[in-house]
Every structure is written in structure tokens, then in C-alpha cells.
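# Remarks on the overall topology
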Number of protein chains: 2
Amino acid sequence: MIDLVKNFSISARRMKKSVIRELLKLTHRPDIISFAGGLPDPATFPEAEIKDIVDDVLTRHPHTSLQYGPTEGIPALRQEIARWMTRSGAKVEVENILVTTASQQGLDLVAKIFIDPSDPVIVELPSYVGGLQAFSAYGARMIGVPTDDDGIIVDLLEKKLEMLQHEMEHYKFIYLVPDFQNPAGVTLSPERRQKVIEMGDKYNVLIIEDTPYRELRYSGEDPPSLYGLCDSGNVISLHTFSKILTPGLRVGWVVAHPDIIHKLTVAKQATDLCTASLPQDIAAEFLRRDLMEDHIEKIKEIYLKKRDCMLNALDEFMPKHPQLRWTRPDGGLFLWLTVPEWVDCEEMFFDAVEHNVAYVVGNAFHCDGGGANTMRLNFSYPSEEQIREGIKRLAGVLKAHIKNKQPTEDEVDYIV
Amino acid sequence: MIDLVKNFSISARRMKKSVIRELLKLTHRPDIISFAGGLPDPATFPEAEIKDIVDDVLTRHPHTSLQYGPTEGIPALRQEIARWMTRSGAKVEVENILVTTASQQGLDLVAKIFIDPSDPVIVELPSYVGGLQAFSAYGARMIGVPTDDDGIIVDLLEKKLEMLQHEMEHYKFIYLVPDFQNPAGVTLSPERRQKVIEMGDKYNVLIIEDTPYRELRYSGEDPPSLYGLCDSGNVISLHTFSKILTPGLRVGWVVAHPDIIHKLTVAKQATDLCTASLPQDIAAEFLRRDLMEDHIEKIKEIYLKKRDCMLNALDEFMPKHPQLRWTRPDGGLFLWLTVPEWVDCEEMFFDAVEHNVAYVVGNAFHCDGGGANTMRLNFSYPSEEQIREGIKRLAGVLKAHIKNKQPTEDEVDYIV
């Protein structure tokens, strides 16, 4: 065979085996309680409705449901999305919508049409790992800005923008997961949203609003969306049916200015021609039948209980330590645990797996290599019973690691 | 809004509105007989079987059919593909297979992991436009090699390879559609296949075998596949269910050495995470039930008639002219018409549409800007009645253009 080392593209050479992927392989043993995934609970899938819809569309219009569709998405779905979003207060027309092969393709296409190698892109610390991977494939230089319980820290964001502007860098966009962030579970506050929008205009920079969980709020009030706050067209908003219907459909959508939608469409054509038609029909018909609102209420009921279960278990089992804390998300699928800084969560991971519990090491979500003392916990997939038992196990492992702080081999080498 | 002209990536700036797309917009009038598309005949869709299968899988395992799947593809589908391909003589294991969001994603991923801007890539003259678009998005420099009725002309191919080697260019692969090529309908001869494989080894270059139509042979004998001929791992083979099941599923697969499959998988993860699960289940179950062989026979019966209908209509209606000829494909969906060199098929297109018949201008398939006197005709979608009537109309338009050769405005300008 040809020498792959010599022939892979620079982009391919940047693609590393994902740490998450490798670690997750350890977590497939049936006795392991895994908080490492990001899967929706299959109990939230509207199986009966989907079965009925598939039967219906394959009876009414099999030829279009099984044929190629337009790259932009099938007209019925774009119309239904516009109707649904408009009902919840957004100003969205069909021409603002591109259907994508779920949100991940939205990230890939946005990267494809904006990023040249070495272009700076601003991301959160921590940030969604799939976003980091998509941007990295196109050679983006990731600039991390820390977050707190109210999302990205806007003063630090402005400092970075000032610096990038001062250095005449061709920065491309700010990438935010503003609602119940993956991984940290935090939500960008209304005041900060306003400031982010102002900065978009002031520094001439696009804002990518990646919001797969927005509809899944279990407590508190919805802040306005970034797309809704912005009058200048500077926000590209990424959505998906993965968490409110089912992820296996691989149907999402981008909302943006028509000039951006046009370029994304040309890019999508060379990427996968069009998104699968039958899954688009399922989503369109689900919306047309006005099933979405009630269905989302059902999902929220399930996840509210699971979130509370995890928070209660953490309160009950975790050791009390000033450097041990976790976020209390108002929605979404994840919460974020920060442990004392001398505990290395990657090292501890193997011990946790030994004790039949798994998480994702926070490091994977940090473009700056930080986050060694953090982890992401998923509460949507495991059962309440598993959540309680899993947090108990994790607390036990963590207690031992907090206490038995020993110099690692590396440190011994260093001391010697 | 930010200045898009300043902010689009180099790749985005290369993405032009497709000529085909723009011209096709003119062909949607119901009175137009269009040979311009590339759609399968919906009469070939196994609707009843698909309906039954969907009902079955959504009853037996709704949770996996609607959930995220592995990036590599669902295990059942990879196994069934391996079984099906092995039965037809290929040496394919599960580890050689990556499920893709149809063939177009295969092209995108191959480009992503191999092409750096300005890397030369060898393509056929003419070549599949979706391939050209996918490679162009990553900055490939397309080097065209002419084809004849036996596919790519291997002596000319070798000359290009020699030249590229001599100039120490980092050429990446040879892109071929060897079976009933889109657009020209020609098939690479067995002798030339052998030579292409030898050149792959001699010049250390990968061969991308894009073969969506291979199963659709209406006459003649199957030559061996390039993948089957190659022992060194230098062939990457792209496949799809689009033409043998339905294109709306968006399920295809790549067959390659496991080291290449691994890198493609990492690339796919950042691109769309995984292909839709339900469509994968449909394809897997269709294969598992051993329905494919008989189904392909039915498709071939339909397309054989349509191909013969088009060839007969061409023989009957087209003017006799030494510079007017067309390919006589043994399979696939397309044939290729070459008209006298003074007839500009793009100019004639508008006249054809006036006369309610449409085709794709051959120019779109030529990376070197050539092919102005060629066109692609699709025979899979229109009915036999439409094929006869459409070819009659096209012959009329063509006769007028062959006869009424007038200097164009440009030429007048030039002469002046």
C-alpha cells in the first residue's frame, strides 16, 4: 500500500483518536454504570407515533419519501420548522432554514465555509467536543474563554476579542452552547447574551449558537435566544431533533441569514447531497400533527426526575470539600463536577471503571489542555436507580483519591 | 452583518453555484421532458418490503433503530454488506467497511483525509460532477485524463503520472467511475483495469473506485472490480444503496484497508457522528432477508427497456452526421452524446428547453473546461413514452443547430 504517513492530509494528521471514544470502550461492560455517554433515554422516543407516521407517509407518498430530496431540505419540513419556531417567538422564514444531517453536520458546514487553516475561533472553556473536532479538522486555532455558572465570562471574552483585533487576526466566530451547555450544564445569562450580541457587532464577528437542548428546561425561565436578540444577521443558530425526537433520525437544521444559508447549501451539496428523506418526513409530520409540544413535556418530566435524582445523590454521597463542587443545571442532559485540583480525573477514571462507574474526563472539552480536575456526568441515559448507585460508587472512588494523595511516578522522577 | 466576502473561507470562495443546479431550475416545468436528472425510477423502489421492514424493526428493536449508532455503522449492516459482497466474490471483512451517508459522503471523507490545497488528483474527462465538487472543496488541483468507450485511456494516464512523478508533485489519487460511468455510461475494460492497478503500485498512488451502478448491468459481462484486482491495499471502493434500493435512505459504504477505514471513521465522527439508524436497519434487513438479488433483477428489467428505448429513439430520430455519436452503455443510468464541435450545448440548452426537452451540458463534467459539444442523457427516470418523445424533440433542436451554424456574437466581435 502507499505510505499513508506521507499521503494523509494535514487535516487527517490533526485527527486524533478521540480520548472519549477510547475511554468509552472501557465502559461497555454491562456491570458498569456509565455517566459517560450523551444518549437520550429511549423511553423518551415516541415509538408509536413514529411507527404510525412512517406507515402514513410510506402510504401517501412513498416516491418522495424514498427519493432524493432538495439539498436545502424537503419543503414540508422547512415550512413546519418555520411555523414551530415562529410560534415560540422567533422570526424565522423558510429561506432562513437549511436542514442538516443533525447538528454535527451544521458544525462541519459552518467550519467548511468560514475556517481557513490557522484562523482563530473563540470557544468556551469547557466546550462541546464535537464542535472542537469539527473546527480542528479545518485547521482552526482555538482560543478558549473561561465560563462560570452564567456561561462564558463576557469580560474575558471582550479582552480576547480586543487582543485578536489589535493583533489584526482574522478571527472567524465565537462558538457558544448557551443553553444547558454540553458539557457543563450552565446557561448564558440574559445580561451576558445582550453583551455577546453587542460584541458581535462591535468586533464584527459571527456568533455560532449551538442549541440542541434549549427545549429541555426543567426549572427557571427561558432567556431570549441569541438569534432572536440579534438584528444584524451575525448569529448562526444550530438546532436538532436528536434530543426532542430521536437522534437516530440524524435531522437537524441551521437558522441564519439567507446569504449564509445559500453558501452552506452549496457546501452541503458536495458533502452528502441531501439529508435522508424518510427521517425528514417523520420530523415534518410530527410537527404538522402538533405533537411536539406535548411530547417535549413528557421528556422533561422524565429528565427532571433524573436530574433531581443525580443532584440529590451528589448532595447525599459526595464528601464535603471546599474544592469539590458541581453545577446545578436548569435543563439539558449533563452536569459538571470539579474536584480538588490535585486529583487527576484521567488517572482516577481507570479506578472508577474498576469500581464499575464511568464518566468523561473534563480535559477532553478543554482546547487549552486544562480541566484535568473536572468531569462530565450524564443524567439522561441511566435509570434513577443506576444514578443513585453510580454516584455512590463515584463518591467512594473520589473520597479515596482526595485522601490518598500520593506523589505520582512522574512527580517522583521529577523530585529525584 | 459581518462582511461575508472577507470572512468566507478559501474553500467557500471556490464553491460556485453549480451550473447544473441553475440549469435544472429551468427544467421543473411539467411540460418539459427532462433527461437532465439522475434519479432512479420510483417504480424500482421496493415500497411494500420497506414498509414491512420498518414495521418489523420498529417493533423488534425501536430503541436501537431510533438511537445514535456507532460511527462505523450499525454492526448488523456491516456484517450483511460483508456477507453480500463476499457472496459475489469479493474479499471483504467487517473491518474493511465504513457505512457512510451515501456515496457523496464517501467522496467528501476521502477528500478530507487525503487532499491538501493544491494536491493534484487525477480525474476522468468527463467525470462525476459530485466528485469534482467534493475534491475542489478541499483545494485539489484536478488533472483530467481523456476517456473513450473503454474508460480512461491508460497510456495517457501513465503519461500524466510520469509527468507528476517527474515534477515531484504530491499527487494523491486517481478517481475513477469504472462501471457504466456517470456521466458517459462507459465501462473500464478488463485489460485497462489490470493496467490501472499496476500503475497504482508503480507510481504509489491510491485508486478511488466509485461504483454506484455496478450491479445494474443489462448486457455484457462483469469485469473484475478494481478492489478485487488489487492485493496491495491501494484501492478505496465507494458503494451506495441509492441505485439498488432507494436514494432517500442516504446509506452507502466505503470498502478499504482497515488503516484507511480507521482514519475515515475519525473524520466521519466530526462530520455527522453517524449515519441515520433506521435507514441502516432497512438496508441491513433487506440484505438479511436475501431480497437484494431478486430486487436487482427487477430493476434491471425496467432499466434495460428504458436504455433500449433511448438507443432506438436515437437511432431513429437523430440526424446522420459523422461528428454526431453517442455511447451504448451496458448498464447504469446515463448515456453520453457528442455533437459536431461547432454546436455549443450550453447555448443550445435554452433552445431545447424552449422545445420542452432538457439535458445536462457536458461541460459541467469536464475539469478542464472542455466538453462544450457534449451532453449527458438520463434514461432511468423518464417513462419510455417520454424518452421517445423527448429524443424526437432533442433531435429536432439539434438538427437546426447543426444546420443553422451562424457566427456567435463573440465570434463576430472577434472577427471585427
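Anything mentioned here points back to the structure above.
We now turn to the structure provided with this report.

## Here we look at helix 16 (residues 384–403) of chain B
Residues and elements named next belong to chain B.
- Between its terminal C-alpha atoms helix 16 stretches 28 Å, which fits the 28 Å expected from 20 residues at 1.5 Å a residue.
- Those residues of helix 16 that sit buried are Ile 387, Gly 390, Ile 391, Leu 394, Ala 395, Val 397, Leu 398, His 401 and Ile 402.
- On the buried face of helix 16, the contacting elements are strand 1 (33–34), helix 14 (292–317), strand 11 (334–338), helix 15 (345–354), strand 12 (357–358) and strand 14 (374–378).

## With respect to the packing of helix 6 (residues 75–87) of chain A against helix 13 (residues 277–288) of chain A
Residue and element names in this part refer to chain A.
- Two elements in contact, helix 6 and helix 13, have axes separated by 9 Å at closest approach and are oriented at 40°. Viewed along their axes, helix 6 and helix 13 adopt a mutual orientation that is oblique. Crossing handedness for the pair helix 6 and helix 13: left-handed. Only Gln 280, Ala 283, Ala 284, Leu 287 and Arg 288 of helix 13 make contact with helix 6, whose side of the interface consists of Ala 76, Leu 77, Glu 80, Ile 81, Arg 83 and Trp 84.
- Within the contact of helix 6 with helix 13, the residues separate by chemical class into seven nonpolar, one polar and three charged.

## Regarding the nonpolar core
- Counting residues in hydrophobic clusters, the biggest one holds 284 residues, and the most contacted among them are Phe135(A), Phe241(A), Phe135(B) and Phe241(B).
- In contact with Phe135(B), other than residues within four places in its own chain, are Leu107(B), Ala111(B), Ile115(B), Val121(B), Val123(B), Ala140(B), Met142(B), Phe173(B) and Tyr175(B).

## A word on the side chain of Gln67(A)
- Mapping Gln67(A) onto the fold places it in the loop between helix 5 (62–65) and helix 6.
- Separated by 3.1 Å, the side chain of Gln67(A) and the backbone oxygen of Pro40(B) make a polar contact.
- Non-local contacts of Gln67(A), meaning those with residues more than four positions away in its chain, are made with Ser277(A), Leu39(B), Pro40(B), Pro42(B), Phe45(B), Pro247(B), Gly248(B) and Tyr381(B).

## Quick notes on the packing of helix 15 (residues 345–354) of chain A against helix 16 (residues 384–403) of chain A
All names here are of chain A.
- Contact geometry for helix 15 and helix 16: axes closest at 10 Å, N-to-C directions at 135°. Here helix 15 is positioned oblique relative to helix 16, judged by the angle of their axes. Handedness of the helix 15/helix 16 crossing: right-handed. Taken together, the residues of helix 16 that come into contact with helix 15 (itself represented by Met 348, Asp 351 and Ala 352) are Val 397, Leu 398 and His 401.
- Taken together, the residues of the contact of helix 15 with helix 16 break down into four nonpolar, one polar and one charged.

## Regarding the sheet that holds strand 11 of chain B
Residues and elements named next belong to chain B.
- The strand order across the open sheet formed by four strands is 10-11-14-13, and the pairing between neighbours is antiparallel. The open sheet has two edge strands, strand 10 (325–326) and strand 13 (360–361), and neither has a second partner.
- Direction of pairing for strand 13 relative to strand 14: antiparallel, over a ladder of two bridges. Looking across to strand 14, one finds that Val 360 is bridged to Arg 376.
- Lying over the sheet, helix 14 contacts strand 10, strand 11 and strand 14, oriented at roughly 20° with respect to strand 11.

## Description of the side chain of Ser9(B)
- Inspection of the secondary structure puts Ser9(B) in the loop between helix 1 (4–7) and helix 2 (10–14).
- For Ser9(B), the side chain forms a polar contact with the main-chain oxygen of Lys112(A), separated by 2.7 Å.
- With near-sequence residues (within four places) excluded, Ser9(B) lies in contact with Lys112(A), Ile113(A), Phe114(A), Ile115(A) and Asp116(A).

## Things to note about the relation of the copies chain A and chain B
- Once chain A is rotated about the relating axis by 180° and shifted along it by 0.0 Å, it coincides with chain B to within an RMSD of 0.0 Å. Within this description, the copies of the chain are treated as partners about a two-fold rotation axis.
- In this assembly, 100% of the residues forming the interface of chain A have copies in chain B that are likewise at the interface, indicating an isologous arrangement.

## Some remarks on the interface of chain A and chain B
- Contacts between the two partners involve 86 residues from chain A, matched on the other side by 86 residues from chain B.
- A buried area of about 7,000 Å², summed over both sides, lies between chain A and chain B, and 60% of it is on carbon and sulfur atoms.
- A per-residue breakdown of the area chain A buries against chain B is headed by Met1(A), Leu66(A) and Tyr68(A), which together make up 11% of the total.
- At the boundary of chain A and chain B, one finds four salt bridges.
- In this assembly, chain A and chain B are joined by 44 residue pairs in polar contact (both at pLDDT 80 or more).
- Elements with a minimum of two residues in the side of chain A that touches chain B: helix 1 (4–7), helix 2 (10–14), helix 4 (47–60), helix 5, helix 7 (102–114), helix 8 (129–137), helix 12 (258–272) and helix 13 of chain A.
- With 11 residues, helix 12 of chain A is the single largest residue contributor to the side of chain A that touches chain B.

## Examining the sheet that holds strand 8 (residues 235–240) of chain B
All names here are of chain B.
- Ordered in space as 2-9-8-7-6-3-4-5, the eight strands form an open sheet in which the pairing is mixed. Looking at strand neighbours, the two that pair on one side only are strand 2 (97–100) and strand 5 (151–152), the edges of this open sheet.
- Two strands pair when backbone bridges link them, and strand 4 (residues 141–148) and strand 5 are joined in this way by two bridges, in the antiparallel orientation. For Thr 147, the partnering residue across the bridge sits in strand 5 and is Ile 152.
- With respect to the sheet, helix 7 (residues 102–114) is in contact with strand 2, strand 6 (173–176), strand 7 (206–210), strand 8 and strand 9 (252–255), its orientation differing from that of strand 8 by roughly 155°.

## Some details on the pairing of strand 7 of chain B
Residue and element names in this part refer to chain B.
- Extensive coverage of strand 7 is indicated by the burial of five of its five residues.
- Of the two faces of strand 7, the one lined by Leu 206, Ile 208 and Asp 210 and the one lined by Ile 207 and Glu 209 are each fully buried.
- Where strand 6 and strand 7 come together, four bridges link them in parallel fashion. In the strand pairing of strand 7, Phe 173 is matched with Leu 206.

## Examining the state of the cysteines
- Enumeration according to the criterion identifies zero disulfides over all chains in this entry.
- The thiol sulfur of Cys345(A) is not disulfide-bonded, and the nearest other cysteine sulfur, from Cys367(A), lies at 18 Å.

Reading guide: rules and limits
- Residues numbered from 1 in each chain as written.
- Chains lettered and ligands numbered in written order.
- Predicted model: local features only at pLDDT ≥ 70, side-chain atom pairs only at ≥ 80, totals over all residues.
- Heavy atoms only, no water.
- Helix = DSSP H or I, 4+ residues; strand = E, 2+ residues; numbered from the N terminus.
- Expected span 1.5 Å × (residues − 1).
- Buried < 20%, exposed > 50% of the residue type's maximum accessible area, 1.4 Å probe, protein only.
- Contact = heavy atoms within 4.5 Å.
- Axes fitted to C-alpha atoms, helices over the stretch in contact; angles between N-to-C directions.
- Parallel < 35°, antiparallel > 145°, perpendicular 65-115°, else oblique.
- Left-handed = near helix turned anticlockwise from the far one by under 90°.
- Nonpolar A, V, L, I, M, F, W, Y, C, P; charged D, E, K, R; others polar.
- Core = buried A, V, L, I, M, F, W, Y, C linked by side-chain atoms within 4.5 Å.
- Polar contact = N/O pair within 3.5 Å; in protein donor to acceptor, adjacent residues only side chain to side chain.
- Pairing = 2+ DSSP bridges.
- Least-squares fit on C-alpha atoms with pLDDT ≥ 70 in both.
- Buried area = accessible area lost by both parts, 1.4 Å probe.
- Salt bridge = Lys/Arg side-chain N within 4 Å of Asp/Glu carboxyl O.
- Disulfide = S-S within 2.5 Å.

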